[in-house]
Amino acid sequence: MDVLKIDNLHKRFPVKGGHKICAVNGISFSIQPGETLGLVGESGCGKSTVGRMIVRLTIPDEGEIVFENQDLRRVKKKDDMRLRREIQIVFQDPYGSLNPRKKVYDIIAEPMRLGGEKDKVQLKNKVINILKMVELDESYLDKYPIQLTQGEQQRIGVARAFVTDPKLVVLDEPTSLLDIRFRGEIVLLLKKLQEETGCSYLFISHDLNIVYQLSHRVAVMYLGRIVEEGSAEQVFRNSKHPYTKALLSATLLPDPEQKREEFFLKGEVPSPLDLPENQCDFVSRCPFANESCKKKRPKPLQIEEGHTVSCFLYNEQ
Ligand SMILES: Nc1ncnc2c1ncn2[C@@H]1O[C@H](COP(=O)(O)OP(=O)(O)OP(=O)(O)O)[C@@H](O)[C@H]1O
Ligand code: SF4
Ligand SMILES: [Mg+2]
């Protein structure tokens with residue numbers, strides 16, 4: 001059974017002049033138990049909006065989000081607290097996401113208290129246990145966020161997400177604001193926690209090297225849509241969509257067989273305001289664009305098992 005299944009999800013944000021930004025424009029994917037789905041794409045393509053809809057911080061306009069057979073758009077009051085415990089999020093900014101006036105103990109205990117846990121002994125045991133899991137000892141309980149290194153702050157952010165035994169954690173760029181020396185340790189920690197708990201991740205990141213290390217499958221987003229999806233090997237070692245190839249050209253990801261075509265993206269991402277429906281969204285930047293790319297939108301096509309691409313180079317329909 002899927003832990004999470006998303007079907008045809010849309011989110012538009014109203015902006016000045018009566019326009020709407022299409023932040024998420026018909027996205028579908030699923031995540032299996034214990035699996036990490038990496039979600040990549042340039043800034044503004046809608047990654048965080050997808051993550052925020054899953055943790056119910058943003059309300060979708062259309063589409064379905066189903067978590068273990070439970071429709072997250074229609075949550076009954078009796079299920080609300082349980083679902084908040086089972087679906088957690090770790091944010092990008094380790095310091096900004098921690099309350100500077102609270103001690104580590106209270107920061108980690110808060111989601112449990114909100115979930116109704118009142119037994120002080122239980123709370124303390126659980127907080128100490130989760131601190132151990134993120135490789136920090138009891139001496140941290142009385143510290144304030146400002147007394148911690150960036151790496152330690154993000155460990156507290158991770159501990160706060162894991163203290164409620166979640167089944168799904170949205171990791172929204174959890175390493176991108178960290179100093180480079182802390183990134184590797186947080187990646188290893190996230191890997192270890194997944195092995196120990198069996199939880200699933202939606203891992204949002206710009207850093208394709210880290211996405212490759214952590215993800216079982218990868219979805220590539222462009223202007224609110226998924227343009228390519230497959231296993232990490234399929235997307236990184238046998239990418240098909242011109243946009244994915246361009247993203248990979250810009251990274252240091254090792255390519256031992258020197259097979260990857262090198263080309264770089266020209267121009268800016270087009271405005272997500274009122275996007276035309278009858279052309280490929282990538283047409284203004286694509287070196288392979290032809291006349292049919294300006295007349296209709298390519299549909300997703302499975303080109304090998306588990307590997308889907310939306311591009312007329314593979315899909316003549
Ligand atoms: N609350 C909002 N109101 C209006 N527009 C918004 C809002 N939230 C996001 N947007 C717009 O929706 C689009 C998608 O934003 P989102 O934050 O999801 O992108 P992202 O892929 O996470 O970008 P980044 O990599 O920079 O974090 C952007 O154009 C953004 O400006
Ligand atoms: S459909 Fe055309 S414009 Fe779009 S990515 Fe493919 S070749 Fe490029
Ligand atoms: Mg974001």
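Before going into details, it helps to say that this report is about the structure given with it. (Residues numbered from 1 in each chain as written. Chains lettered and ligands numbered in written order. Predicted model: local features only at pLDDT ≥ 70, side-chain atom pairs only at ≥ 80, totals over all residues. Heavy atoms only, no water.)

**Observations regarding the nonpolar core**
Moving on, step 1. By size, the foremost hydrophobic cluster in this structure holds 60 residues, and its most contacted members are I108, L131, I156 and F162.
Moving on, step 2. Ignoring anything within four residues of it in the chain, the contact list for L131 reads V104, I108, L136, D137, Y140, L141 and I156.
Moving on, step 3. With 29 residues, the next largest nonpolar core counts V24, L37, L39 and I226 among its residues. (Core = buried A, V, L, I, M, F, W, Y, C linked by side-chain atoms within 4.5 Å. Buried < 20%, exposed > 50% of the residue type's maximum accessible area, 1.4 Å probe, protein only. Contact = heavy atoms within 4.5 Å.)

**Details of helix α1 (residues 47-54)**
Moving on, step 1. Buried residues dominate α1, accounting for six of its eight residues.
Moving on, step 2. Of all the positions in α1, only K47, T49, V50, G51, M53 and I54 are classed as buried.
Moving on, step 3. Following α1 by one or two positions, R56 adopts a phi angle in the positive range, close to 60 degrees. (Helix = DSSP H or I, 4+ residues; strand = E, 2+ residues; numbered from the N terminus.)

**Things to note about helix α4 (residues 120-133)**
Moving on, step 1. Over its 14 residues, α4 extends 20 Å from the first C-alpha to the last, a length consistent with the 20 Å expected when each residue adds 1.5 Å.
Moving on, step 2. For α4, the set of buried residues is L123, V127, I128, I130, L131 and M133.
Moving on, step 3. The inward-facing, buried residues of α4 contact α3 (104-114), α5 (150-162) and α6 (180-197).
Moving on, step 4. Backbone nitrogen of V121 and a side-chain oxygen of the N-cap are separated by 3.0 Å at the start of α4; the cap is D119. (Expected span 1.5 Å × (residues − 1). Polar contact = N/O pair within 3.5 Å; in protein donor to acceptor, adjacent residues only side chain to side chain.)

**Some points on the environment of K78**
Moving on, step 1. Mapped onto the fold, K78 is located in helix α2 (residues 77-86).
Moving on, step 2. In this structure the C-alpha to C-alpha distance between K78 and I21, which are 57 residues apart in sequence, comes to 34 Å.

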